[in-house]
Amino acid sequence: MATPPHPVDGPRPVTTAESRAVFHAERDGVPFLVFRDLDGEQQLLRLPPERATLAIGRNSAADVCLGWDDEVSGLHAQLEQVAGEYALVDDGLSRNGSYVNGERVHGRRRLRDGDMLRFGHTVVLFRNPEAAARDVTRVAEKVLTSAELSAQQRKVLVALCRPFRDGIAFATPPTNQQIADELFLSVDAVKLHLRALFEKFDVGDLPQNKKRLALVERALQSGLVSEREPE
């Protein structure tokens, strides 16, 4: 099982209770954050829809208090909410910066379901299930069919989606090497098929660290890869 965001001293296994808490939060559809505290305990914080701004920082008065992390400023950043959509704001509030999917935020950055945020050495998973569902209606006008994928492209796509189809909490797409080992292909062949898939699913222009997740989302949303796909 994949591990959730964890403190700098290393990951710890996800417990059944922790997975259940995330599952229920997803089902409720309310935006929430998931992270681990200094002791490695999972913290799940639901974001109140009536609040337009939430403070993140080491200060005990912060709405998202990361008091154990000495690399986090007293007032480090803010979460802004408008009509159910969220943005992370760090316009110079923090000394060490705020990051979304490994990229430093300068000013305001719109958040999407599944984004990984980092403040100091604390990693926070942002979830907004209802917004993700709304995004489905805005995804690509062209709907791909199985006939438009080669047999090998489909195999690579299924392998890429497998952790998500299995319902693993905090799943991440497999690496090129992992896909190659599973399908008995070379890494170069996997790269070639993935480049073709990125273009066919219209995610080729996305940043490198977002392409795989976007490809998985569109493959599952389009029904080209079923959540009950045969092995």
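Everything that follows concerns the structure shown earlier in this document.
Anyway, here's the lowdown on the structure attached to this text. Since the model is a prediction, treat every value here as computed from it, not as a measurement.

1. Examining the overall build of the protein
- Of regular secondary structure, the protein possesses six helices and eleven strands.
- Looking at the protein as a whole, 42% of its 231 residues qualify as buried.
- With the model as given, the accessible surface of the protein reaches about 12,300 Å², and the carbon-plus-sulfur share is 51%.

2. Thoughts on the pairing of strand β3 (residues 53-57)
- Taking burial as the measure, the five residues of β3 include four buried ones, the bulk of the element.
- Of the pairings in the sheet, the one linking β3 to strand β5 (residues 77-82) comprises four bridges and is antiparallel in character. Across the sheet, residue L54 finds its bridge partner in β5, namely L79.
- Summarising the sheet, β3 and strand β4 (residues 64-65) pair through two bridges and their orientation is parallel.

3. Quick look at the sheet that holds β5
- In spatial order, the strands read β4-β3-β5-β6-β9; together these five strands make up an open sheet with mixed pairing. The open sheet has two edge strands with one neighbour each: β4 and β9 (107-110).
- Bridge count for strand β6 (residues 85-90) against β9 is four bridges, and the pairing is antiparallel. Bridge pairing in β9 links V89 to R108.

4. Quick notes on the packing of aromatic side chains
- A full pass over the atoms with the stated rule returns two aromatic pairs.
- Note on F35 and W68: the rings are 6.1 Å apart at their centroids and 25 degrees apart in plane angle, and the pair reads as stacked. One end of the pair, F35, is in strand β1 (residues 32-36); the other, W68, is in the loop between β4 and β5, and 33 residues separate them in sequence.
- For R118, the ring lying beneath its charged end belongs to Y99, and the centroid distance is 4.3 Å.

5. Comments concerning the pattern of salt bridges
- Under the counting rule described, the total for this entry stands at nine salt bridges.
- Across the pair D63 and R51 runs a salt bridge, and its minimum N-O distance is 3.1 Å. A residue pair is termed long-range when its members are at least 10 positions apart, and D63 in the loop between β3 and β4 and R51 in the loop between β2 (42-46) and β3 qualify at twelve residues.
- Assessed through its relative accessible area of 32%, R51 is described here as partly exposed.
- Between E80 and R108 there is a salt bridge; the shortest N-O distance is 2.8 Å. Separated by 28 residues along the polypeptide, E80 in strand β5 and R108 in strand β9 bring together distant segments of the chain.
- Classification of R108 by relative accessible area gives exposed; the value is 53%.

6. Quick word on the pairing of β5
- Residues A77, L79 and Q81 line the buried face of β5, whereas the alternating positions Q78, E80 and V82 sit on a face that is not buried.
- Judged from the five bridges that link them, β5 and β6 form a sheet pairing that is antiparallel. The residue of β6 that forms the bridge with Q81 is Y86.
- With antiparallel pairing between neighbouring strands as the criterion, β5 and β6 make up a hairpin whose turn holds two residues, including A83 at a positive phi of roughly 50 degrees.

7. Points about the side chain of Q153
- You can see Q153 is positioned in helix α3 (residues 151-165).
- In this view, Q153 contacts E148, H193, A196, L197 and K200; residues no more than four positions away in its chain are not counted.

8. Description of the sheet that holds β1
- One open sheet accounts for six strands, arranged β2-β1-β11-β10-β7-β8; its pairing is antiparallel. Across the chains shown, the open sheet's two edge strands, defined by having one partner strand only, are β2 and β8 (103-104).
- Direction of pairing for β1 relative to β2: antiparallel, over a ladder of five bridges. Opposite F32, over in β2, you have R46 as the bridge partner.
- Docked against the sheet, helix α1 (residues 16-28) engages β1, β2 and β11 (122-127), running at close to 15 degrees with respect to β2.

9. Brief notes about the side chain of H193
- Position of H193 among the secondary structure elements: in helix α5 (residues 187-200).
- Residue contacts for H193: discarding those within four places in its chain leaves Q152, Q153, V156 and L185.

Definitions and cut-offs
Residues numbered from 1 in each chain as written. Predicted model: local features only at pLDDT ≥ 70, side-chain atom pairs only at ≥ 80, totals over all residues. Heavy atoms only, no water. Helix = DSSP H or I, 4+ residues; strand = E, 2+ residues; numbered from the N terminus. Buried < 20%, exposed > 50% of the residue type's maximum accessible area, 1.4 Å probe, protein only. Areas by Shrake-Rupley, 256 points an atom, 1.4 Å probe, with all protein chains shown as cover. Pairing = 2+ DSSP bridges. Phe/Tyr/Trp six-rings, centres within 6.5 Å; stacked < 30°, edge-to-face > 60°. Lys NZ or Arg CZ within 6 Å of the ring centre and 35° of its normal. Salt bridge = Lys/Arg side-chain N within 4 Å of Asp/Glu carboxyl O. Contact = heavy atoms within 4.5 Å. Axes fitted to C-alpha atoms, helices over the stretch in contact; angles between N-to-C directions.

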